[in-house]
Amino acid sequence: MLQRIQTIYLLLVVIVNGALPFWVYLWTDANGAAVYAESDVLYSALFIASAILAFITIFLFKNRKNQFVLNRLNMILNLFLLGFFVYRSLILSGEINISEKGIGMLLPVVSIVFLVLANRAIKKDEDLVKSVDRLR
């Protein structure tokens, strides 16, 4: 059932991880130039992998358990991405010239929030199906 609320949450994850990192800058370097996700292969690959995983998860609505597991895997992937950003931000603060951290570094946090909300909705659907099966 594609009209469920978890589909909306997962589509938001696809937008946040698939489009925004290439539109919103992640940080500025010492020269003042904005650094986007496409300038680093690791960051762009992790963002695209997370977006593809969320897109695939949308179409697993018939198997809610696999959908739940893939969302958890996507959360772990976003936590790795967040860890890379934290490491990068700690490196940036030790420079001679001060560089700015961009709003793009918070995109994995937003993505994790939407994935948690999607998992709560999937769990609620699974509980509803189990309760109906009990009544039969």
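Everything numeric in this text was worked out from a predicted model, so none of it was measured. (Residues numbered from 1 in each chain as written. Predicted model: local features only at pLDDT ≥ 70, side-chain atom pairs only at ≥ 80, totals over all residues. Heavy atoms only, no water.)

A few points about the overall build of the protein chain
Working step 1: Along the protein chain, the regular secondary structure elements total four helices and two strands.
Working step 2: From first element to last, N terminus to C terminus, the protein chain shows the α and β order α-β-β-α-α-α.
Working step 3: Buried residues in the protein chain amount to 38% of all 136 residues.
Working step 4: Residue pairs in contact within the protein chain that sit at least 24 positions apart in sequence constitute 71% of those at least 6 positions apart.
Working step 5: Total accessible area on the protein chain stands at roughly 8200 Å², and carbon and sulfur atoms take up 69% of it. (Helix = DSSP H or I, 4+ residues; strand = E, 2+ residues; numbered from the N terminus. Buried < 20%, exposed > 50% of the residue type's maximum accessible area, 1.4 Å probe, protein only. Contact = heavy atoms within 4.5 Å. Areas by Shrake-Rupley, 256 points an atom, 1.4 Å probe, with all protein chains shown as cover.)

As for the packing of aromatic side chains
Working step 1: Tallied over the entire structure, the rule returns four aromatic pairs.
Working step 2: Ring plane angle 40 degrees and centroid distance 5.9 Å describe the contact between phenylalanine 47 and phenylalanine 85, whose orientation is recorded as tilted. Remark: phenylalanine 85 occurs in helix 3 (residues 64–92) and phenylalanine 47 occurs in helix 2 (residues 41–58); sequence separation between them is 38 residues. For the pair phenylalanine 47 and phenylalanine 85, a shared accessibility class is recorded, and that class is buried. (Phe/Tyr/Trp six-rings, centres within 6.5 Å; stacked < 30°, edge-to-face > 60°.)

Structural notes on the pattern of salt bridges
Working step 1: The final tally for this structure, using the stated rule, is three salt bridges.
Working step 2: Residue aspartate 125 pairs with arginine 4 through a salt bridge whose shortest N-O separation is 2.6 Å. Taken together, the residues aspartate 125 in helix 4 (residues 107–135) and arginine 4 in the segment before helix 1 (5–18) connect sequence positions 121 residues apart.
Working step 3: Overall, aspartate 125 belongs to the buried group, its relative accessible area being 10%.
Working step 4: Two residues, arginine 64 and glutamate 126, come together in a salt bridge whose shortest N-O distance is 2.8 Å. Of this pair, arginine 64 sits in helix 3 while glutamate 126 is found in helix 4, placing the two residues 62 residues apart along the sequence. (Salt bridge = Lys/Arg side-chain N within 4 Å of Asp/Glu carboxyl O.)

A word on the packing of helix 1 against helix 2
Working step 1: Interaxial distance between helix 1 and helix 2 falls to 8 Å at its minimum, and their mutual angle equals 160 degrees. As the angle between them shows, helix 1 and helix 2 are arranged roughly antiparallel. Here helix 1 and helix 2 pass one another in a crossing that is left-handed. Seen from helix 1, the contacting residues are Thr7, Leu10, Leu11, Val13, Val14, Asn17 and Gly18; seen from helix 2, they are Phe47, Ile48, Ser50, Ala51, Ala54, Phe55, Thr57 and Ile58.
Working step 2: Looking at the contact of helix 1 with helix 2, its residues break down into ten nonpolar, five polar and no charged. (Axes fitted to C-alpha atoms, helices over the stretch in contact; angles between N-to-C directions. Parallel < 35°, antiparallel > 145°, perpendicular 65-115°, else oblique. Left-handed = near helix turned anticlockwise from the far one by under 90°. Nonpolar A, V, L, I, M, F, W, Y, C, P; charged D, E, K, R; others polar.)

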